[in-house]
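Here is what each chain is made of, one letter per residue.
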Amino acid sequence: MAEASYDDRDGKIWLDGQMVDWRNAQVHVLTHGLHYASSVFEGERAYNGKIFLSRKHSERLHYSASCLDFEIPYTVDQIEAAKAEVLKANGLTDAYVRAVAWRGAGPDMGVASARNPVRLAIAAWSWGNYYGDAKTVGAKLDISKWKRPSPETIPVHAKAAGLYMICTTSKHAAEAKGCSDALFMDYRGYVAEATGANIFFVKDGEVHTPLPDCFLNGLTRQTVIELLKEKGLTVHERHIMPEELEGFEQCWLTGTAAEVTPVGQIGDYVFEVGKITRDIAETYEALVRA
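Residues numbered from 1 in each chain as written. Predicted model: local features only at pLDDT ≥ 70, side-chain atom pairs only at ≥ 80, totals over all residues. Heavy atoms only, no water.

**Thoughts on the pattern of salt bridges**
Within the structure shown, the criterion is met by 20 salt bridges. D21 is paired through a salt bridge with K12; the nearest N and O atoms lie 2.4 Å apart. Given a relative accessible area of 31%, K12 falls into the partly exposed group. Taking the shortest distance from any N to any O, the salt bridge between E259 and K135 comes out at 2.6 Å. Placement of E259 in strand β14 (residues 259-266) and of K135 in helix α4 (residues 134-137) is noted, with a sequence separation of 124 residues between them. Of the residues examined, K135 reaches a relative accessible area of 27% and is grouped as partly exposed. Three or more residues joined by partner-sharing salt bridges are found here, namely D8, D10 and R23. (Salt bridge = Lys/Arg side-chain N within 4 Å of Asp/Glu carboxyl O. Buried < 20%, exposed > 50% of the residue type's maximum accessible area, 1.4 Å probe, protein only. Helix = DSSP H or I, 4+ residues; strand = E, 2+ residues; numbered from the N terminus.)

Set out below in structure tokens:
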């Protein structure tokens, strides 16, 4: 049976301070965020009833909004309370949580929208492995034709909806080739990230990961780096050239949805799901469920 559409499900969604029926959580077609991408969001996971790094996600939501020149009309504490309320209302303990804030419909319908209200919604649902069986066999990645942009062109450190446009097109192209995801280079040609996850490599027992100077420094990325250092492993955060992919032995992705997912192939480059990869995946899983 096909999975139910995301606009046609049972449950409750927190919308602008009120819990509403899932199917009634709607916005007008002339919502500014729909036309001009004046929207920011967070993806979070709850384990055993507790959202991992919940407050950091709420704080980043506020930061992202400030990067797009709007202010969310709810405090971090209010957002935290709303997320707990959503989990309870839907009877969920293990779930994916999505908070999204955007400029709504109002008197402005051009590029400028200072007079339009800022809205906030929080939803939660059960969501399994983001990459299916890749956690055991390793994901297969395409290499995107698009590049992550310069910080001089767009607020690259905000988790903003508009930054995901090339992610969608790149992932569609990857899936058409039988891949799970796509790897971006950045505007300078360095290895950057996947469409919704940061990337790590292993060579000679040391870990290498791209420097997040033009893309999101993911909360899962930060957590995994801390875990690796606690294990005594050397972690190099640096610029990585595409030709270096040939010399790496292991690879994995990190993200709230992806968690820690091994990578078995990027283009023509093949990686083993090795000991360091398996160990950090198990350690992360134990941490989020502690």
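**Things to note about empty space enclosed by the protein**
Enumeration over the complete set of coordinates arrives at 1 cavity of 30 Å³ or more. The space that makes up the largest cavity amounts to roughly 40 Å³. R45, Y47, F52, L53, H57, T220, T256 and Y284 are the residues that line the largest cavity. Broken down by class, the residue content of the lining of the largest cavity amounts to 4 nonpolar, 3 polar and 1 charged. (1 Å grid on protein atoms, 1.4 Å probe; cavity = no way out; pocket = protein on both sides within 12 Å on 5 of 7 lines; lining within 4 Å. Points joined across faces, edges and corners; volume = space filled by probe spheres on them. Nonpolar A, V, L, I, M, F, W, Y, C, P; charged D, E, K, R; others polar.)

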